[in-house]
Amino acid sequence: MAAPIPAEPKLPKRAFAIIFGVSMATALGNTGLMSVLPVIGRTLAIPDYLISGIFSISAILWAFSSPFWARTSDRHGRKPLMMLGLSGFMVSMIVCGAIVTAGMRQMAAPMVIFGMLLLGRALFGFFGASSNPATQAYVAEHSSREVRTRSMANLAGAFGLGTVIGPFVAPLFILPKDNIAGPLFGFAAIAAVMLVVVWRFLPESPFVEETRRQTLAAEAEVAASGQKLKPMWLDS
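Each value, and the rule that gives it
Residues numbered from 1 in each chain as written. Predicted model: local features only at pLDDT ≥ 70, side-chain atom pairs only at ≥ 80, totals over all residues. Heavy atoms only, no water. Phe/Tyr/Trp six-rings, centres within 6.5 Å; stacked < 30°, edge-to-face > 60°. Lys NZ or Arg CZ within 6 Å of the ring centre and 35° of its normal. Core = buried A, V, L, I, M, F, W, Y, C linked by side-chain atoms within 4.5 Å. Buried < 20%, exposed > 50% of the residue type's maximum accessible area, 1.4 Å probe, protein only. Helix = DSSP H or I, 4+ residues; strand = E, 2+ residues; numbered from the N terminus. Contact = heavy atoms within 4.5 Å. Salt bridge = Lys/Arg side-chain N within 4 Å of Asp/Glu carboxyl O. Patch = residues over 30% accessible without salt bridge, like charges linked within 9 Å, V, L, I, M, F, W, Y side chains within 5 Å. Areas by Shrake-Rupley, 256 points an atom, 1.4 Å probe, with all protein chains shown as cover. Axes fitted to C-alpha atoms, helices over the stretch in contact; angles between N-to-C directions. Parallel < 35°, antiparallel > 145°, perpendicular 65-115°, else oblique. Left-handed = near helix turned anticlockwise from the far one by under 90°. Nonpolar A, V, L, I, M, F, W, Y, C, P; charged D, E, K, R; others polar. Expected span 1.5 Å × (residues − 1).

Visitor: Just to check I follow, could you spell out the packing of aromatic side chains for this structure?
Guide: Centre distance and the angle of the planes are the two values used to describe a pair of aromatic rings. Applying the stated rule across the entire model yields eight aromatic pairs. Between the aromatic rings of Phe126 and Phe127, the centroid separation amounts to 4.9 Å while the plane-to-plane angle is 85°, which identifies the pairing as edge-to-face. One cation-aromatic arrangement involves Arg200 over Trp199; the distance from NZ or CZ to the ring centre is 5.9 Å. The lysine or arginine in question, Arg200, covers the ring of Phe201, its NZ or CZ lying 5.8 Å from the ring centre.

Quick look at the structure:
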């Protein structure tokens, strides 16, 4: 049974704290990995220009998949998309950590390790992007018009805070014997904690059923007209 829609949108402090943590953890892991990846590349004899390619593939997938995840969150809810994003983040970090560990043990050639890192990072770029539209939509639909701008600014502050903290925290996770894969496993643990917190303590938005109904009606109208949905940057 769906939760009743409140007469006046209001974002509970606990819900905002959880969403704040989701955004901060995602940004923290992203920039934290960026801060240690050049060291990983030099240690594993991967050229710098290929390391930059690992950054690029993630950013490109994030940018182009975000509109898809925004529409998906309208159909399937905010909470499931946050959990999917955190899961993608966690799995990506675990995969990349395992690949870096294999590379340090010389279990594969540098170019093989590079290709596997590229795929591991692509998991974050595609699936990790699903949490951002969901957190933004959750905050927006729980905020009245008077406080919506401030609420969205606070959410952006969470991402900015994580961006700053990530490079500072990353070296703290380096394991004994110079195991530079430690930060990746550390960030995966942070994602796992936030995943459990969202699952147990964040209620689904009471607006999700109405949003789903409106989204499906709009899609049916577009399909009936013979038009196709296209990204905003293609609009004339």
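Visitor: Explain the nonpolar core here, please?
Guide: Taken as a class, soluble globular proteins show a tendency for nonpolar side chains to be buried jointly. Within the largest apolar cluster, 49 residues are counted, with the highest numbers of intra-cluster contacts made by Ile40, Ile46, Leu117, Leu184 and Leu202. Residue assignment for this core shows that the elements contributing at least two residues are helix 1 (13-43), helix 2 (48-76), helix 3 (78-104), helix 4 (110-127), helix 5 (131-141), helix 6 (145-169) and helix 7 (182-201). Of all the elements, helix 1 adds the most residues to this core, at eleven residues.

Visitor: Help me understand the environment of Pro110 in this model?
Guide: Mapped onto the secondary structure, Pro110 falls in helix 4. Through-space distance from the C-alpha of Pro110 to that of Leu44 is 6.2 Å; in sequence the pair is 66 residues apart. Not counting residues up to four positions away in its chain, the partners in contact with Pro110 are Leu44, Ala45 and Ile46.

Visitor: Would you mind going over the pattern of salt bridges with me for this structure?
Guide: Pairing is possible between side chains that carry opposite charge, provided their charged atoms lie close to one another. If you walk through the whole model with that rule in mind, you get two salt bridges. Residue Arg78 pairs with Asp74 through a salt bridge whose shortest N-O separation is 2.9 Å. A relative accessible area of 3% means that Arg78 is categorised as buried. Glu141 is paired through a salt bridge with Arg78; the nearest N and O atoms lie 3.1 Å apart. Within this pair, whereas Glu141 is found in helix 5, its partner Arg78 is found in helix 3, the two being separated by 63 residues in sequence.

Visitor: Just to check I follow, could you spell out a nonpolar patch on the surface for this structure?
Guide: Where nonpolar side chains cluster on the molecular surface, the patch consists of Ile94, Leu175 and Phe185 and spans about 230 Å² of accessible area. Tracing the backbone through its elements, the reader meets Leu175 in the loop between helix 6 and helix 7. Under the relative-accessibility criterion, Leu175 is labelled partly exposed at 37%.

Visitor: Please clarify how the packing of helix 3 against helix 7 should be interpreted in this entry.
Guide: Two quantities define a packed helix pair, namely the angle between the helix axes and the distance between the axes. The interhelical angle for the contact between helix 3 and helix 7, taken along N-to-C directions, is 160°, at an axis separation of 8 Å. Judged by the inter-axis angle, helix 3 sits roughly antiparallel to helix 7. Every pair of crossing elements has a handedness; the one defined by helix 3 and helix 7 is left-handed. Tallied by class, residues from the contact of helix 3 with helix 7 come to 20 nonpolar, three polar and one charged.

Visitor: In this structure, what is going on with the packing of helix 2 against helix 3? I would like to understand it.
Guide: The N-to-C vectors of helix 2 and helix 3 enclose an angle of 135°; their axes lie 7 Å apart at closest approach. Classed by the angle they form, the pair helix 2 and helix 3 counts as oblique. Of the residues in helix 3, those touching helix 2 at Trp69, Thr72, Ser73, Asp74 and His76 are Arg78, Pro80, Leu81 and Leu84.

Visitor: Help me understand unusual backbone geometry, please; the structure alone is not making it clear to me.
Guide: Generally, phi is negative for residues other than glycine and the peptide bonds are trans, each holding for most cases. Positive phi is not limited to glycine here, since Ala45 has a value of about 65°. Its location among the elements puts Ala45 in the loop between helix 1 and helix 2. One non-glycine residue with positive phi stands out, namely Gln106, at about 55°.

Visitor: How should helix 3 be read in this particular structure?
Guide: Across its 27 residues, helix 3 extends 39 Å between first and last C-alpha, which sits within 8% of the 39 Å expected from 1.5 Å per residue. A positive phi of about 55° marks Gln106, the residue just after helix 3.

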